[in-house]
Amino acid sequence: DKISLHEGALLALQGHADGKLPGMRIAVASSADTPFAERVGRAALALLEVVPGLTVWDLLLRDWDGADVNQIGRQPPLSPNKAQTHFPRLREATGVRFDRMLFFDDCNWGDHIGMVSAGCKESNGRGVVGVRTPYGLKKGEWLQGLDLYARKESNMA
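About the thresholds
- Residues numbered from 1 in each chain as written.
- Predicted model: local features only at pLDDT ≥ 70, side-chain atom pairs only at ≥ 80, totals over all residues.
- Heavy atoms only, no water.
- Helix = DSSP H or I, 4+ residues; strand = E, 2+ residues; numbered from the N terminus.
- Rg over C-alpha atoms; globule rule 2.2 N^0.38 Å.
- Buried < 20%, exposed > 50% of the residue type's maximum accessible area, 1.4 Å probe, protein only.
- Contact = heavy atoms within 4.5 Å.
- Lys, Arg positive; Asp, Glu negative; His and termini not counted.
- Charge placed at Lys NZ, Arg CZ, Asp CG, Glu CD.
- Core = buried A, V, L, I, M, F, W, Y, C linked by side-chain atoms within 4.5 Å.
- Right-handed = clockwise from strand over helix to strand, strands pointing away.
- Phe/Tyr/Trp six-rings, centres within 6.5 Å; stacked < 30°, edge-to-face > 60°.
- Pairing = 2+ DSSP bridges.
- Expected span 1.5 Å × (residues − 1).
- Arc of directions from axis to C-beta.

> I would appreciate a short explanation of the overall build of the protein in the present structure.
Looking only at helices and strands, the protein has six helices and six strands in total. For the protein, the α and β elements follow one another from N to C terminus as α-β-α-β-β-α-β-α-β-α-β-α. By the compact-globule yardstick of 15 Å for 157 residues, the protein fits well, its C-alpha radius of gyration being 15 Å. For the protein, the spread of C-alpha atoms along the three principal axes comes to 45 × 35 × 30 Å. Taken across its 157 residues, the protein has 40% of its residues classed as buried. For the protein, the proportion of contacts with a sequence separation of at least 24, taken over those separated by at least 6, is 62%. In the protein, the 19 positive side-chain charges and the 19 negative ones have mean positions that sit 4 Å from each other.

Put into structure tokens, the structure is as follows:
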């Protein structure tokens, strides 16, 4: 009975914290389904350490000059459909285009990857790169996401 980061999430966050992934910034789009679940999620992010003394929440805020750009929950203005609310709000809050986003999702009751990939596109027709992580973000899925994103970038060049 413990709360911890999955191996791939920890690898990604540590690499980011150490500056090994230049240009990468992170944000959270979560569909926590109650206000209590939202509070628990935010509290967990503020407790889980990426490296000693640096929590996930610290890293999330560091990337955006202290601003909370994260889209956590389903309460208005958010909804269960991340393509309609979470991602457009992330784009607006961060200025990051959909075709510059990489999304990992562990949802087992719906297809958020499909909805976001289909519904969040730029005028060039390109959108969010997504990877399903039904058991949490593992190392292989993290590396798969990086590879898919790199291949998409090379096709855009």
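> How should I be thinking about the nonpolar core in this particular structure?
Side chains that are nonpolar tend, in soluble globular proteins, to be buried together. Within the largest apolar cluster, 14 residues are counted, with the highest numbers of intra-cluster contacts made by Phe-87, Phe-98, Met-101, Phe-103, Val-116, Cys-120 and Val-128. If you list the elements that add at least two residues to this core, you get α4 (86–94) and α5 (112–119). Not counting the four nearest positions on each side in its chain, Phe-87 is found in contact with Ala-29, Lys-82, Phe-98, Met-101, Phe-103, Val-116, Cys-120 and Val-128. Counting 13 residues, the second largest nonpolar core, distinct from the first, contains Ala-17, Val-56, Trp-57 and Leu-59.

> Whenever I open this one, the pairing of strand β6 (residues 129–132) confuses me. Can you help?
Taken residue by residue, a regular strand's side chains alternate between the two faces of the sheet. Burial along β6 is one-sided: Val-129 and Val-131 are buried, and none of Gly-130 and Arg-132, which face the opposite way, are. Assessed by its sense of winding, the connection that carries the chain from strand β5 (residues 102–105) through α5 to β6 is right-handed.

> I keep staring at the packing of aromatic side chains and nothing clicks. Help me out?
A ring pair, where both rings are aromatic, is described by two values, the distance of the centres and the angle of the planes. A full pass over the atoms with the stated rule returns two aromatic pairs. Measuring from ring centre to ring centre gives 4.7 Å for Phe-87 and Phe-103, while their planes differ by 65°; the resulting arrangement is edge-to-face. Of the two residues, Phe-87 sits in helix α4 while Phe-103 sits in strand β5, which places them 16 residues apart along the sequence. Measuring from ring centre to ring centre gives 5.7 Å for Phe-104 and Trp-142, while their planes differ by 45°; the resulting arrangement is tilted.

> Help me understand the pairing of β5, please; the structure alone is not making it clear to me.
Of the two faces of β5, only one is covered, namely that formed by Phe-103 and Asp-105; the face formed by Leu-102 and Phe-104 stays uncovered. Relative to β6, β5 runs parallel, the two sharing four bridges. By the bridge assignment, Asp-105 is partnered in β6 with Arg-132.

> Looking at this model, I keep getting lost on the side chain of Asn-81. Mind explaining?
As for its placement among the helices and strands, Asn-81 is situated in the loop between β4 (71–72) and α4. Excluding its chain neighbours within four sequence positions, the residues that come into contact with Asn-81 are His-86 and Met-115.

> How should helix α2 (residues 35–47) be read in this particular structure?
Residue pairs three or four apart in sequence face the same way in an α-helix, which turns once every 3.6 residues. An ideal rise of 1.5 Å per residue puts 18 Å on 13 residues; α2 measures up with 19 Å between its terminal C-alpha atoms. Residues of α2 that are buried include every one of Glu-38, Ala-44 and Leu-45, and no others. Take α2 and look down its axis: the buried residues cluster within an arc of 130°, on one side only. Every exposed residue of α2 that faces more than 90 degrees away from the buried side is listed here: Phe-36, Arg-39 and Leu-47. In the core, the buried residues of α2 are packed alongside β3 (54–55), α3 (56–62) and β4.

> I tried to follow α5 on my own but got confused; where do I start?
Listed in full, the buried residues belonging to α5 are His-112, Ile-113 and Val-116. Buried residues along α5 cover an arc of 100° about the axis, so they all sit on one side. Opposite the buried face of α5, at more than 90 degrees from it, the exposed residues are Ala-118 and Gly-119. Residues of α5 that are buried in the fold lie against α4, β5 and β6.

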